[in-house]
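If you want the building blocks of each chain, they are given just below.
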Amino acid sequence: MRQDKYKTRKRKLATVTLIRLLIFFAILIIVIDLAVGLLLQREVLSIYQDFSSSYADIVAEDLDSAQIERYITTGKTDDAYFDVKREMQGMVDKGNLRYLYVFIPEEDGIKYIWDAQSDYDARPLLDKWYYSGDYPKEKVFEAYKTGEKRFATYSYGDMFLAAAIAPVKNKNGETIAVVESDILMPHIRSSAVRIIIFVLLYVFIVMVVTMIIFYSFVRRRIIGPLLKLNLAVVELAENPDREGEVTIDVNTGDEIENLARSFENMDKKLHKYIVENTRILLEKQRVNTELNLATKLQAEILPSKFPAFPDRDELLIYADMTPAKEVGGDFYDFFFVDYDHLAIIMADVSGKGVPAAMFMMMAKSLLKARVLSGGNPGAILKDVNNMICTNNPEMMFVTIWLGMLNVKTGILTAANAGHDKPLIYHRGGQFEIVQDKHGPVVGLKNGIEFPEYELVLDHGSKVMVYTDGVPEAMDKNDEQFGMERLLKAVNSRPDGRPEDILMVIDRDVYKFTGDAEQFDDLTMLCVELQ
């Protein structure tokens, strides 16, 4: 039965991963293909335009403006007229131009001065051609009116042409005519299509092979081990009194295997505590000892060695948890996901006692495993929420604040699942409440999205996260410590070390509550970017 359940989960996670890979590679192929096509078209057009522009510039510079004005005025040709025409015809023949002509643009067409075509096709002096097709009339008028060169592409019949349009000016700098040099681009579209298809096919093959290799790796090294860890956590949560120890068949040689071994060790400790708890039950001390054992278990799985990263000088971090007399479900964690990214977790499980502690261990294990597999805080919380909702018959839930700090850039990306708002301090200022975006708590509803936000930390900036046991600590008159007192405590020495700041808060809370019984765990964490 449990094996079938495991296979179902494995198929679900593997299918989702495969679908996402397919979507990602499809988008990547389309983007690469479009980029290649646009780049190719731009480069080819640039070459054609430069080629045709050189001929238009030569003709525009060599023409005699006075001669042109005389031809326009008299409408008569002479030997010099035909000399110019022969030179232009030679350019057409040698330069593989399609059209080379000098004209005056008008509203409905152009009036020819020279047309460098064969005698049969050439237009005579002052002959008029009316605009047709998608001839670049606007570009021609721009060159004529502004006296500046223009480029255009257009179709004429079944021809695709690149045109360079250059003004011809008289001695006064006035534009009196326009030279247009058109070069035929018969293969640009078909060549572009062929190259795009080739690139698309090549990229597709490379992507498919890469996707198969990557998916096989992810399935073998990440998906499978994570699902085995999930199954072990569910097994522990559903059968805490079972005989035998949990053995997780994970041998990846990385952090996931370390996590599996840690979980096995944790399971051994849990069995030890259950045996001890049974003995205490026979001695009619079951309840108190159960809470004490759960408190020990909770404390042992939280990082408590400080300085936490003695070989890193980018940050200082300190955390503290003071459990209440009744065991709660508070937990925190921090670890480097890679060299630059530090994961920071602060969470509070609903309920009290051993069930809350067990649920906390499950949530902490799932959360850390999911963080180590990569991704942004919002996506991580979504996946952890889905895993917990899969097997949560008691409808327990947990509030989580998850941050991912880039110690190199100072950018802190975070997501808040129903947890208390963090505090932030920038050098020279005071701690302030971060009005962050809240998502719902984790564990009650499947498929929930968790919004993300970013904080930018400078050198000396600090972020403090805590559970509701701090502001909700009560004195004997049932008055809460509150956010106002919390801000006053942290701002009494905002530039102090994280350890000093948490000690000040502890001192002020205990001074406020006095002899009143501690109602909830006091859990805090402060990180400073050096």
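Residues numbered from 1 in each chain as written. Predicted model: local features only at pLDDT ≥ 70, side-chain atom pairs only at ≥ 80, totals over all residues. Heavy atoms only, no water.

A. Representation of the overall build of the protein in the model. In terms of regular secondary structure, the protein is built from eleven helices and 17 strands. For the protein, the proportion of its 530 residues judged to be buried stands at 50%. Nonlocal contacts in the protein, meaning residues at least 24 apart in sequence, comprise 66% of its contacts between residues at least 6 apart. Accessible surface, the protein as shown: approximately 27200 Å² in total, 55% of it carbon and sulfur. (Helix = DSSP H or I, 4+ residues; strand = E, 2+ residues; numbered from the N terminus. Buried < 20%, exposed > 50% of the residue type's maximum accessible area, 1.4 Å probe, protein only. Contact = heavy atoms within 4.5 Å. Areas by Shrake-Rupley, 256 points an atom, 1.4 Å probe, with all protein chains shown as cover.)

B. Focus on the sheet that holds strand 5 (residues 159–169). The six strands are arranged 3-2-1-6-5-4 in an open sheet whose pairing can be described as antiparallel. Edge positions in the open sheet fall to strand 3 (128–130) and strand 4 (150–156), since each of these has one partner strand only. Direction aside, neighbouring strands of the sheet carry axes that sit 35 degrees apart on average. Where strand 1 (residues 99–105) meets strand 2 (residues 109–115), five bridges bridge the pair, whose relative direction is antiparallel. Each residue of the ladder has a partner; that of V102, found in strand 2, is W114. Contacts between helix 2 (residues 65–74) and the sheet are confined to strand 1, strand 2, strand 5 and strand 6 (175–184), with strand 2 contributing the most and set at about 120 degrees to the helix. (Pairing = 2+ DSSP bridges. Axes fitted to C-alpha atoms, helices over the stretch in contact; angles between N-to-C directions.)

C. Geometry of helix 9 (residues 377–390). The terminal C-alpha atoms of helix 9, which comprises 14 residues, lie 20 Å apart, in line with the 20 Å expected from a rise of 1.5 Å per residue. Most of helix 9 sits out of view: eleven of its 14 residues are buried. For helix 9, the complete set of buried residues consists of P377, G378, I380, L381, D383, V384, N385, N386, M387, I388 and C389. (Expected span 1.5 Å × (residues − 1).)

D. Quick peek at the packing of helix 10 (residues 482–490) against helix 11 (residues 498–513). Where helix 10 meets helix 11, the closest approach of the two axes is 9 Å, and the angle between their N-to-C directions is 135 degrees. With respect to helix 11, the element helix 10 is oriented oblique. Between helix 10 and helix 11 lies a crossing of right-handed hand. Where helix 10 abuts helix 11, its residues R485, L486, A489 and V490 lie against I501, V504, I505, D508 and F512. Here the residues of the contact of helix 10 with helix 11 sort into seven nonpolar, no polar and two charged. (Parallel < 35°, antiparallel > 145°, perpendicular 65-115°, else oblique. Left-handed = near helix turned anticlockwise from the far one by under 90°. Nonpolar A, V, L, I, M, F, W, Y, C, P; charged D, E, K, R; others polar.)

E. A look at the pattern of salt bridges. Tallied over the entire structure, the rule returns 19 salt bridges. Its salt-bridge partner being K137, residue E107 comes within 4.0 Å of it at the nearest N-O pair. Separated by 30 residues along the polypeptide, E107 in the loop between strand 1 and strand 2 and K137 in helix 4 (residues 137–146) bring together distant segments of the chain. Notably, a salt bridge pairs D333 with K364, separated by 3.0 Å at the nearest N-O pair. Here the residue D333 occupies a position in strand 8 (residues 329–336), and K364 occupies one in helix 8 (residues 353–372), the gap between them amounting to 31 residues. Taken as a pair, D333 and K364 share a single burial class, namely buried. Among the charged side chains, a salt-bridge network with shared partners connects E106, D108, K111 and K128. (Salt bridge = Lys/Arg side-chain N within 4 Å of Asp/Glu carboxyl O.)

F. Summary view of the nonpolar core. If you look at the biggest cluster of nonpolar residues, it comprises 60 residues, and the most contacted ones within it are F331, L342, L367, V398, I400 and L525. It is helix 8 that provides the largest number of residues to this core, a total of eleven residues. Residues L63, Y71, A116 and V168 belong to the second largest nonpolar core, which totals 30 residues. (Core = buried A, V, L, I, M, F, W, Y, C linked by side-chain atoms within 4.5 Å.)

G. Quick look at the side chain of K462. Summarising the element assignment, K462 is placed in strand 16 (residues 462–466). The class of K462 is buried, set by a relative accessible area of 1%. In terms of polar contacts, K462 uses its side chain to reach the backbone carbonyl oxygen of P494, at 2.9 Å. From its side chain, K462 meets the backbone oxygen of G496 in a polar contact 3.4 Å long. Look past the residues within four positions of K462 in its chain and what remains in contact with it is L423, I424, Y425, F431, P494, D495, G496, I501, C526, V527 and E528. (Polar contact = N/O pair within 3.5 Å; in protein donor to acceptor, adjacent residues only side chain to side chain.)

H. Looking closely at helix 4. Among the residues of helix 4, those classed as buried are V140, F141 and A143. The buried residues of helix 4 all sit within an arc of 160 degrees when viewed along its axis, so they share a single face. In helix 4, the exposed positions angled more than 90 degrees off the buried face are occupied by E138 and K145. At its buried positions, helix 4 is contacted by strand 1, strand 4, strand 5 and strand 6. With its phi angle positive at about 75 degrees, G147 sits one or two positions after the end of helix 4. (Arc of directions from axis to C-beta.)

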